[in-house]
Amino acid sequence: MQSQTTVRISAPPWLTDRQAELNSALTDGGGLPPGIRVEFDDEAYAGDALETYGRWLSEGRTSPTIMVMDNPWPSVFIDREQLQPLDPLLAESLTDRIREEYLSSIVSTASDDDDTLYGLPLIIDLPTILYRKDVLRQAGYTDSEFRRWSNDSMSWQQFSAVVEAGMAASGLDGFLWQGAAYEGLACCTFVDFMSSWGGAYFGGYENLFGPVGDRPITVDEQPVVDAIRMLRTFMYGPSDDAALDGYAAISPEAVVDYTEDESHRSFTDGQAIALRNWTYSIDANGAEDRLGDDLGVMPIPYEVSRAESKYGPEIGGMPAALGGWHLTVNPNAPTAKQEAAVEVLRAFHTPQVRHHLFESYGLVSPVPDDLTRDEFREADPLGRYADTLQTALENLVPRPVTRVWPPQSDAIATEVNAALRRRKGPQGAMDDLEQRLREIEESVLSPTSTPTPTERSGGGRTESAGPGSSGTRAASGSTGSGSSEPTTSSTSVGTPTAERATDVANEDGTRAGTSRESAPGFGVLAALAGFGALAWRRRRRD
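Our subject in this report is the structure included herewith. The written sequence of each chain sets the order in which its residues are numbered from 1. Local features in a predicted model are, by the rule used here, given only for residues with pLDDT of at least 70; side-chain atom pairs are given and counted only at 80 or more, and totals for whole chains, interfaces and linings are based on all residues. Side-chain measures here rest on the full set of heavy atoms in the structure, leaving out hydrogens and waters.

Let us now look at the sheet that holds strand 10 (residues 323–329). The strand order 2-1-3-10-4 describes an open sheet built from 5 strands, whose pairing is mixed. Either end of the sheet is taken by a strand with one partner, and the two such strands are strand 2 (36–41) and strand 4 (119–125). Direction aside, the axes of adjacent strands within the sheet are offset by 20 degrees on average. Its contacts with the sheet put helix 3 (residues 49–58) on strand 1 (5–10) and strand 3 (66–70), and the angle it makes with strand 3 is roughly 145 degrees. The pairing criterion is simple: DSSP has to find at least two bridges between the two strands. Secondary structure elements are defined from DSSP: runs of H or I of at least 4 residues count as helices, runs of E of at least 2 residues count as strands, and each element is numbered from the N terminus. Interaxial angles span 0 to 180 degrees and are taken between N-to-C directions of axes, which are lines fitted to C-alpha atoms, for helices over the stretch in contact. Should any heavy atoms of two residues lie within 4.5 Å, those residues are counted as being in contact.

Another aspect to go through is the pairing of strand 10. One face of the sheet, then the other: side chains in a regular strand alternate in exactly this way. Relative accessibility decides the category of a residue: with a 1.4 Å probe and only protein chains considered, values under 20% of the type maximum give buried, values over 50% give exposed, and everything between is partly exposed. Where burial is concerned, most of strand 10 is hidden: 7 out of the 7 residues are buried. By the alternation rule, side chains of strand 10 split into Gly323, Trp325, Leu327 and Val329 and Gly324, His326 and Thr328, which are all buried. Here strand 3 pairs with strand 10 via 5 bridges, running antiparallel. Opposite Asp70, over in strand 10, you have Trp325 as the bridge partner. Sheet topology note: the strand 4/strand 10 ladder contains 6 bridges and is antiparallel. Bridge pairing links Gly119 to Thr328 in strand 10.

A word on unusual backbone geometry. Residue Pro64 is reached from Ser63 by a cis peptide bond, and omega for that bond is 10 degrees. The step from Gly312 to Pro313 runs through a cis peptide bond, and the omega angle for that step is 5 degrees. Among the secondary structure elements, Pro313 is positioned in the loop between strand 8 (295–298) and strand 9 (320–321). One non-glycine residue, Asp115, lies in the positive phi region at around 70 degrees. With respect to the helices, strands and loops of the structure, Asp115 is situated in the loop between helix 6 (104–108) and strand 4.

Now for the side chain of Ser58. Structurally, Ser58 is set in helix 3. With relative accessibility at 0%, the residue Ser58 sits in the buried group. A 3.5 Å cut-off defines polar contacts: any pair of N or O atoms within that distance qualifies, except that in protein one atom must be a possible hydrogen donor and the other a possible acceptor, and neighbouring residues in sequence count only when both atoms are side-chain atoms. Polar contacts involving the side chain of Ser58 include one to the side chain of Arg80, which spans 3.5 Å.

The subject of this paragraph is the pairing of strand 1. Among the 6 residues in strand 1, 5 count as buried, and that is most of the element. Two strands pair when backbone bridges link them, and strand 1 and strand 2 are joined in this way by 6 bridges, in the parallel orientation. Within the sheet, the bridge partner assigned to Ser10 lies in strand 2 and is Asp41.

Our next topic: the sheet that holds strand 6 (residues 173–176). Here we have 4 strands laid out as an open sheet, ordered 6-7-5-8, and mixed in their pairing. The open sheet has two edge strands with one neighbour each: strand 6 and strand 8. Between one strand axis and the next, the sheet turns by 15 degrees as a mean value, whatever way the strands run. For strand 5 (residues 128–132) and strand 8, the ladder comprises 4 bridges, and the chain directions are antiparallel. Bridge pairing in strand 8 places Leu130 opposite Val297.

Our next topic: the packing of helix 10 (residues 183–196) against helix 18 (residues 405–420). Where helix 10 contacts helix 18, the axes come no closer than 7 Å and their chain directions differ by 80 degrees. In this view, helix 10 runs roughly perpendicular relative to helix 18, as classed from their interaxial angle. In this structure, helix 10 contributes Glu183, Leu185, Ala186, Cys187 and Phe190 to the contact, and helix 18 contributes Trp405, Ser409, Ile412, Ala413, Val416 and Asn417. Among the residues forming the contact of helix 10 with helix 18, the class breakdown is 8 nonpolar, 2 polar and 1 charged. By definition in this entry, angles of less than 35 degrees are roughly parallel, angles greater than 145 are roughly antiparallel, angles of 65 to 115 are roughly perpendicular, and the rest are oblique. Amino acids are sorted into nonpolar (Ala, Val, Leu, Ile, Met, Phe, Trp, Tyr, Cys and Pro), charged (Asp, Glu, Lys and Arg) and polar (every other residue, Gly among them).

This part covers the nonpolar core. In terms of nonpolar packing, the biggest core is built from 145 residues, with Ile9, Leu15, Trp156, Phe159, Phe175, Phe190 and Phe348 touching the most fellow members. The greatest single-element share of this core, amounting to 9 residues, is contributed by helix 11 (residues 222–236). Among residues more than four places away in sequence, those in contact with Trp156 are Ile129, Phe175, Phe193, Ser196, Trp197, Met230, Phe234, Tyr247, Ile300, Pro301, Tyr302 and Glu303. By nonpolar core is meant a set of buried Ala, Val, Leu, Ile, Met, Phe, Trp, Tyr and Cys residues that side-chain atoms within 4.5 Å join together.

As a further point, take the pattern of salt bridges. Here, a salt bridge means any Lys or Arg side-chain nitrogen found within 4 Å of an Asp or Glu carboxyl oxygen. Considering all chains together, one arrives at 28 salt bridges under this definition. Of the charged contacts in the structure, one is a salt bridge between Arg61 and Glu43, with a shortest N-O distance of 3.4 Å. Taken together, the residues Arg61 in the loop between helix 3 and strand 3 and Glu43 in the loop between strand 2 and helix 3 connect sequence positions 18 residues apart. Taking relative accessible area as the criterion, Arg61 reaches 4% and is therefore assigned buried. Salt bridges sharing common partners tie together Arg232, Asp240, Asp241 and Arg422.

For any pair of aromatic rings, the description consists of the separation of the ring centres together with the inter-plane angle of the planes. What counts as a ring pair is set by centres within 6.5 Å for rings of Phe, Tyr and Trp (its six-membered ring), and what kind of pair is set by the plane angle: stacked under 30 degrees, edge-to-face over 60, tilted for all other angles. Summed over all chains, the structure comprises 24 aromatic pairs. Centroid distance Phe175 to Phe234: 6.2 Å. Interplanar angle 85 degrees. Geometry classified as edge-to-face. Of this pair, Phe175 sits in strand 6 while Phe234 sits in helix 11; the two residues are 59 residues apart in sequence, bridging distant segments of the chain. For Phe175, a relative accessible area of 0% puts it in the buried group. Taking the relative accessible area as the measure of exposure, Phe234 reaches 0% and is therefore buried. Members of the aromatic cluster, connected to one another through ring pairs, are Trp14, Tyr45, Tyr53, Trp56, Trp73 and Trp325.

Structure below.
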């Protein structure tokens, strides 16, 4: 009788909820040997997954064998030498294909400065605008226009006019997006809006990942301010004291409290015409029992083209904040488990499994060429939008993850949200943000001053609709009214928030030993997240 090895995979609920189906795909399509059994669990995702992984690895826990990580997380553990390098485990032919075929910017987030690979990219995630064709037809728009928008999108001013017409024809809410004071606003949603105006946190693309303390801080420049003024106009209309001329009131004021979950749910329930969200929402809403062919998808609109942008050609035009997830290997796992994990990674690497994740889960392959393949384009519903997803791929903007990103992210989310809530004017909020970011940057140069990230407080478990932004830290700080009170504490799609008990066990039920000092909290871990980011800059997509 053939012996069997069990490989435990720690993964978010959007994978674990359908593990029987995924196991079949790994075996039948991916060629996983019959002697290897895969078990998925979402234990780490019942709380702060990043913190939980840090605790498990620091305590020497031998299980799980494979950990699914959001794309900023591997650099945390690479710097701490707490992930298993994959180059010694995988065949050179496989690692070469990963480096050659996979999206370079997502590969780089799981590599060190010497190009050693620590994670196999599982999926990438792309933001787009979802909209209801059925409603816009009532407003007089046609299928030929929908086809044009799928690649060319439009200006924000035109977009607001289109949505306003749909609102008048239907009585529905207009445009939903994520405006809550949380990581997702800083790393992703506001990156889309700001970049579409030609604005940036740190000037040109080459400054995204440093050098910290020696790069420009440009959040107080007019394009960034105008992006906030546009959003204020969307929410409050032309009577707002910061309103821009020519833009319609198309967003409910409630968006200042929205993360991905709330905005997705409202759109899916039929309450709105348009939504900025990730690809899981396309898969859900494009299903035949939802909107089906009446779901339209377009790239993020823009106000300043790449050619016109001060920081072009990478910033401006139709931006898409990069998201994605990796498969990483626990270095504390026994040799036999790691050897079995190699077979699991090989199975995930196969085109058949990538196609299964695309077709059945609505998850985009990290291999860009897959979007050109017939079997992917024929997959329903996501394949219908392959051209739009390709356009997003060509306009990627990564989050500026460095060792000071956690406190900077808190500052950005707090100040932008304060401006959206009208607690501060757009220019005043961005002036304050410029000062806060500069102080954080300068603290790196001072031996007596260290930026301290804000740690999260626990809460009940929240449901994950699907993969998306990793941001789960709620920002806190000045509200602009002279008081110091926390702003909205919210959770994004990708990672629920709730603190976990510290007791952990190995797969055989014994208490894990401690290979290092006690595990650091989230703030310390996340502050290390940017040390691998310079490699990303070197190998970003042209």
